[in-house]
Amino acid sequence: MKLFGTIYDKTMEWAKHRYAAFWLSFVSFIEAIFFPIPPDVMLIPMSMSKPHNATRYAIYTTLASVAGGIIGYFIGLYAFDWVKGLIESWGMQANFDKAQRWFETWGVAVVFLAGFSPIPFKVFTICAGVMQMAFFPFAITATISRFARFILVAKLSAWGGEKYADKIRRSIELIGWGTVALAVVAYVIYQFMK
């Protein structure tokens, strides 16, 4: 079943659209609050298709993600009771509880880890507000870590450019189904370790 090739082609097409930078910023903003798909899904093909704009895309992604993170922070600070039901319905309660324990142990360093890693950033932005972390250290750390991640992703994607886009396209079904298989295995292992 050829699913990922079609998705890949569509994503590369959207990456060249004249409003792609707006949609990249929008996805980055809402991902830091509630959206499940990370902005890398757009940042990578955009940086590959227009390598000369990679730094600009990383900056847009960072600024929008931090702005969304600030909204998430204030949701955690002022409206956590309302959000608690959403966290449970998303199936993220265990992640949220773990994030709270990490905040208690490592403080602001957790924001750096969450901002740089593929761990869902929204869990940590809301948790930072719930834990009443000092706002300015949160915002500064989030900005540094998000920029470090997005500039790395953008520059690596730009370095590969169009020549690697074709190579990836030829192997996309294997990559896509392999990723799905790894996710299923990781989920099964996680369920057994609970």
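Residues numbered from 1 in each chain as written. Predicted model: local features only at pLDDT ≥ 70, side-chain atom pairs only at ≥ 80, totals over all residues. Heavy atoms only, no water.

- Per an unreviewed UniProt entry, the protein chain goes by the name VTT domain-containing protein and belongs to Haemophilus paracuniculus.

A short note on the packing of helix α6 (residues 93-106) against helix α8 (residues 121-130)
So, point 1. It is the contact of α6 with α8, at a shortest axis distance of 10 Å, that shows an interaxial angle of 55°. Comparing their axes, α8 and α6 come out oblique. Where α6 crosses over α8, the handedness of that crossing is right-handed. Of the residues in α8, those in contact with Asn95, Phe96, Ala99, Gln100, Trp102 and Phe103 of α6 are Val123, Phe124, Ile126, Cys127, Ala128 and Val130.
So, point 2. For the contact of α6 with α8, the class distribution of residues is 10 nonpolar, 2 polar and no charged. (Axes fitted to C-alpha atoms, helices over the stretch in contact; angles between N-to-C directions. Helix = DSSP H or I, 4+ residues; strand = E, 2+ residues; numbered from the N terminus. Parallel < 35°, antiparallel > 145°, perpendicular 65-115°, else oblique. Left-handed = near helix turned anticlockwise from the far one by under 90°. Contact = heavy atoms within 4.5 Å. Nonpolar A, V, L, I, M, F, W, Y, C, P; charged D, E, K, R; others polar.)

A short note on the nonpolar core
So, point 1. Counting 23 residues, the largest nonpolar core has Phe96, Phe103, Phe124 and Met133 as its most contacted members.
So, point 2. Here this core takes 6 residues from α8, the largest share from any one element.
So, point 3. With residues near it in sequence (within four places) discarded, phenylalanine 96 still touches Phe80, Ile87, Val123, Ile126, Cys127 and Val130. (Core = buried A, V, L, I, M, F, W, Y, C linked by side-chain atoms within 4.5 Å. Buried < 20%, exposed > 50% of the residue type's maximum accessible area, 1.4 Å probe, protein only.)

So, a nonpolar patch on the surface
So, point 1. On the surface, a nonpolar cluster with roughly 880 Å² of combined accessible area is contributed by Phe112, Phe116, Phe136, Ile140, Ile144, Leu152, Leu156 and Trp159.
So, point 2. Those elements that provide at least two residues to the nonpolar patch are α7 (109-116) and α9 (135-193).
So, point 3. When residues in the nonpolar patch are grouped by element, the largest group, 6 residues, is from α9.
So, point 4. Within the fold, phenylalanine 112 resides in helix α7. (Patch = residues over 30% accessible without salt bridge, like charges linked within 9 Å, V, L, I, M, F, W, Y side chains within 5 Å. Areas by Shrake-Rupley, 256 points an atom, 1.4 Å probe, with all protein chains shown as cover. Salt bridge = Lys/Arg side-chain N within 4 Å of Asp/Glu carboxyl O.)

With respect to unusual backbone geometry
Negative phi characterises most residues that are not glycine, and trans characterises most peptide bonds.
So, point 1. You will see that glutamine 132, though not glycine, has its phi angle at about 55°, which is positive.
So, point 2. Among the structural elements, glutamine 132 can be located in the loop between α8 and α9.
So, point 3. Residue classification places glutamine 132 among the exposed residues on the basis of a relative accessible area of 61%.

Some details on the side chain of serine 65
So, point 1. For serine 65, the position within the fold is in helix α4 (residues 54-78).
So, point 2. Polar side-chain contacts of serine 65 include one of 2.9 Å to the side chain of arginine 146. (Polar contact = N/O pair within 3.5 Å; in protein donor to acceptor, adjacent residues only side chain to side chain.)

Regarding the pattern of salt bridges
So, point 1. This model, assessed by the stated rule, comprises 3 salt bridges.
So, point 2. Salt-bridge contacts for glutamate 31 lead to lysine 122; the nearest nitrogen and oxygen are separated by 3.7 Å. Of the two residues, glutamate 31 is situated in helix α2 (residues 20-31) and lysine 122 in helix α8; the sequence distance between them amounts to 91 residues.
So, point 3. The salt bridge involving arginine 149 is made with aspartate 40; its shortest N-O contact spans 2.5 Å. With a gap of 109 residues between them, arginine 149 in helix α9 and aspartate 40 in helix α3 (residues 40-49) connect regions that are remote in the sequence. For the pair arginine 149 and aspartate 40, a shared accessibility class is recorded, and that class is buried.

Some details on α7
So, point 1. Burial in α7 covers these residues: Val110, Val111, Ala114 and Gly115. In a view along the axis of α7, the buried residues occupy a sector of 130°, so they form one face of it. (Arc of directions from axis to C-beta.)

Looking at the UniProt feature "transmembrane region" (unreviewed entry) in the protein chain
So, point 1. Under the local residue numbering, the UniProt record ascribes the feature "transmembrane region" (unreviewed entry) to residues 20-37, 57-80, 101-121, 133-153 and 174-193.
So, point 2. Annotation note: span residues 57-80, helix share 96%, strand share 0%, distance between end C-alpha atoms 32 Å.
So, point 3. End C-alpha atoms of residues 133-153 are separated by 28 Å, and the span's content is 90% helix alongside 0% strand. (UniProt positions renumbered as here; feature names shortened; annotations may be inferred.)

What about helix α5 (residues 80-89)?
Counting along an α-helix, one turn takes 3.6 residues, and residues three or four places apart therefore face a common direction.
So, point 1. Taken as a whole, α5 has its buried residues at Phe80, Val83 and Ile87. Down the axis, α5 shows its buried residues gathered within 60° of arc, on one side only. Across α5 from its buried face, at more than 90 degrees, point the exposed residues Asp81, Trp82 and Ser89.
So, point 2. Buried residues in α5 make contact with α4, α6 and α8.
So, point 3. A positive backbone phi angle near 75° is found at glycine 91, which sits one or two residues after α5.

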